[in-house]
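# Chains, contacts and geometry: an overview
What follows is each chain in one-letter form.
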Amino acid sequence: MIILGIDPGLRTTGFGVIQQRGSKLRYIASGTIKSGEGDLPTRLKVILDGVAEVARTYQPDYAAIEQVFVNVNPQSTLLLGQARGAAICALVSAELTVAEYSPTQVKQAVVGTGRAVKAQVQDMVARLLALPGLPGTDAADALGVAICHAHNRETLTLIQSQSQSQSQARGTASQSPLAGLRMRRGRLVG
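Read on for a plain summary of the structure. Just so you know, these numbers come straight off a predicted model, no measurement behind them.

### Side note on the packing of helix α1 (residues 40–58) against helix α2 (residues 74–93)
- Contact geometry for α1 and α2: axes closest at 8 Å, N-to-C directions at 35 degrees. Handedness of the α1/α2 crossing: right-handed. Only L79, Q82, A83, A86, A87, C89, A90 and L91 of α2 make contact with α1, whose side of the interface consists of L40, L44, I47, L48, V51 and A52.

Below, the structure is given as structure tokens:
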């Protein structure tokens, strides 16, 4: 399965493509889409076209994108949301289901703590994907989003298989550590 991760940004949008086979992750590609300077509609079109090109090139099975965090500056948050919207439109136009993860969820999945700094994310992404060097910060964040989705898909698969086996053997107590877990609004809850 091929997963495309997107770290949206108005100036620089990061992308990362990984392959998941069982519990193994393999790096395929990463990079950035730079929208440059200019008027907002032109920059959004660069993001839309760039993400669409990445999706065409790598033909992912799944896509995941980082959610917008609320800045101190509401104008920056609004602009980031528009860049994110352009990226989501490109992914949906490529007929991909788009999963969304908060920055804290991504850091937790990659580093093990939701308060990790960018350098820690870069380092762990390089280790998890056996990269020869550190990817740029935007590409590392996008690869982190893809890794987060890979980990979440594994958990969802376990939950779904547990639910199926429980429905087949009603009345038996479950010994699974995932007993009682379910997804609500894209988050695992107990």
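### Describing α1
- The terminal C-alpha atoms of α1 lie 27 Å apart, and with 19 residues this matches the ideal 27 Å at 1.5 Å per residue to within 8%.
- Restricting attention to buried positions, one finds in α1 the residues R43, I47, G50, V51, A52, V54 and A55.
- Among the structural elements, β1 (2–7), β2 (12–21), β3 (24–34) and α2 are those in contact with the buried residues of α1.
- Once α1 ends, the next one or two residues include Q59, with phi positive near 45 degrees.

### Focus on the pairing of strand β4 (residues 62–66)
- Summarising burial for β4: four of the five residues are buried, a large majority.
- By the bridge criterion, four bridges tie β1 to β4 in an arrangement that is parallel. Across the sheet, residue G5 finds its bridge partner in β4, namely A64.
- Both β4 and strand β5 (residues 98–101) contribute to a ladder of four bridges, which runs parallel. In the sheet register, A64 faces β5, and the bridge partner there is A99.

### Things to note about the environment of Q20
- Inspection of the secondary structure puts Q20 in strand β2.
- Sequence separation between Q20 and M1 is 19 residues, and the spatial gap between their C-alpha atoms is 5.3 Å.
- From its side chain, Q20 meets the backbone oxygen of A150 in a polar contact 3.4 Å long.

How each quantity is defined
- Residues numbered from 1 in each chain as written.
- Predicted model: local features only at pLDDT ≥ 70, side-chain atom pairs only at ≥ 80, totals over all residues.
- Heavy atoms only, no water.
- Axes fitted to C-alpha atoms, helices over the stretch in contact; angles between N-to-C directions.
- Helix = DSSP H or I, 4+ residues; strand = E, 2+ residues; numbered from the N terminus.
- Left-handed = near helix turned anticlockwise from the far one by under 90°.
- Contact = heavy atoms within 4.5 Å.
- Expected span 1.5 Å × (residues − 1).
- Buried < 20%, exposed > 50% of the residue type's maximum accessible area, 1.4 Å probe, protein only.
- Pairing = 2+ DSSP bridges.
- Polar contact = N/O pair within 3.5 Å; in protein donor to acceptor, adjacent residues only side chain to side chain.

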